[in-house]
Amino acid sequence: MAKNRFHEGSGPSQRQLRVGELIRRTLADVLNRGDVHDPELNRLSITVGEVRVSPDLKVATAYVVPLGGKQEGNMFELLERNKSELRRAVSKELTLKYAPDLRFRLDETFDRLDETRRIFSQEAVRRDVEGQDAGEDDDA
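Bear in mind the structure is a predicted one, so any value in this text is a computation, not a measurement.

So, how was this worked out
Residues numbered from 1 in each chain as written. Predicted model: local features only at pLDDT ≥ 70, side-chain atom pairs only at ≥ 80, totals over all residues. Heavy atoms only, no water. Pairing = 2+ DSSP bridges. Helix = DSSP H or I, 4+ residues; strand = E, 2+ residues; numbered from the N terminus. Axes fitted to C-alpha atoms, helices over the stretch in contact; angles between N-to-C directions. Buried < 20%, exposed > 50% of the residue type's maximum accessible area, 1.4 Å probe, protein only. Arc of directions from axis to C-beta. Contact = heavy atoms within 4.5 Å. Parallel < 35°, antiparallel > 145°, perpendicular 65-115°, else oblique. Left-handed = near helix turned anticlockwise from the far one by under 90°. Polar contact = N/O pair within 3.5 Å; in protein donor to acceptor, adjacent residues only side chain to side chain. Expected span 1.5 Å × (residues − 1).

Peer 1: Help me out: how do you make sense of the sheet that holds strand β1 (residues 46-53) in this one?
Peer 2: Two strands in a sheet stick together by hydrogen bonds in their backbones, pointing the same way (parallel) or opposite ways (antiparallel). Across the sheet, which stays open at both edges, the three strands sit in the order β1-β2-β3 with mixed pairing between neighbours. Two strands bound the open sheet, and with one partner strand each, they are β1 and β3 (101-106). Looking at each pair of strands side by side, their axes are set apart by 30° on average, direction ignored.

Encoded structure:
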């Protein structure tokens, strides 16, 4: 396979990003509609924040979080138990050579956002940011 001469760095390729987003939408739809034949999993509201795909598109890691942050452990147990059915649903929607193996990890994005807000609300940080903004105004 030819190497993409326009893609630099070790980040994901455009194809990985596109396939990851398609898998994320499909997983979110399947979980939202309750297409899985497991009433326990269908009772949970699960947010699929992001899906990262390996370079060969054979492994997809879905970053998920239960709505309200409750029942984390139970959620992963249910997702693992229904992994094959979720994989089948994803492969039915996508036209890939291989159905990617699904892995589930906790999406910590919301926790990081809360931590960032907490840091920016500190008086010393606010003072530094305001001082930097005033310095930019002087340059204009």
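Peer 1: For this particular structure, what's the right way to read helix α3 (residues 72-81)?
Peer 2: Each turn of an α-helix holds 3.6 residues, which means side chains three or four residues apart point in the same direction. Every buried residue of α3 is accounted for by M75, L78 and L79. The buried residues of α3 occupy one face: seen down the axis, they fall within an arc of 100°. Lining the buried residues of α3 we find α1 (14-33), α2 (39-43), β1, β2 (59-66), α4 (83-93) and β3.

Peer 1: Got a minute to help me understand the pairing of β2 in this structure?
Peer 2: Side-chain positions along a regular strand alternate between the two faces of the sheet. Summarising burial for β2: seven of the eight residues are buried, a large majority. Looking at chain direction, β1 and β2 are connected through seven bridges and run antiparallel. The residue bridging E50 from the neighbouring strand is Y63, located in β2. Connecting β1 to the antiparallel partner β2 that follows it, the hairpin turn spans five residues, and L57 within it adopts a positive phi of roughly 65°. The pairing of β2 with β3 spans six bridges and is classified as parallel. Considered in β3, the bridge of A62 is made with F104.

Peer 1: For this particular structure, what's the right way to read the packing of α1 against α4?
Peer 2: For the pair α1 and α4, the least separation of the axes is 10 Å and the interaxial angle reads 125°. Between α1 and α4, the angle falls in the class oblique. Crossing geometry of α1 relative to α4 is assigned as right-handed. Between α1, through I23, T26, L27, V30 and L31, and α4, the contact on the second element is made entirely by L86, A89, V90 and E93.

Peer 1: How do you make sense of the environment of S54 when you look at a structure like this?
Peer 2: Relative to the assigned elements, S54 resides in the loop between β1 and β2. By relative accessible area, S54 is classed as buried at 17%. A sequence separation of 42 residues divides S54 from P12, and the C-alpha atoms of the two residues are 8.3 Å apart. A polar contact of 2.6 Å, which involves the side chain of S54, links it to the side chain of D56.

Peer 1: Mind showing me how you'd approach the environment of L22 here?
Peer 2: Tracing the backbone through its elements, the reader meets L22 in helix α1. With a relative accessible area of 36%, L22 lands in the partly exposed category. The sequence separation of L22 and E93 amounts to 71 residues, and the corresponding C-alpha distance is 8.9 Å.

Peer 1: Is there a simple way to think about unusual backbone geometry in this case?
Peer 2: Backbone geometry follows two general trends: most residues other than glycine have a negative phi, and most peptide bonds adopt the trans configuration. For L57, which is not a glycine, the phi torsion comes out positive at approximately 65°. Note that L57 resides in the loop between β1 and β2. Relative accessible area serves as the criterion here: at 8%, L57 is assigned to the buried category.

Peer 1: Please explain α1 as it appears in this structure.
Peer 2: In this model, α1 (20 residues) spans 29 Å end to end at C-alpha, consistent with the 28 Å of a helix rising 1.5 Å per residue. The inward-facing, buried residues of α1 abut α2, β1, β2, α3, α4 and β3. Looking one or two residues past α1, G34 carries a phi angle of roughly 75°, positive in sign.

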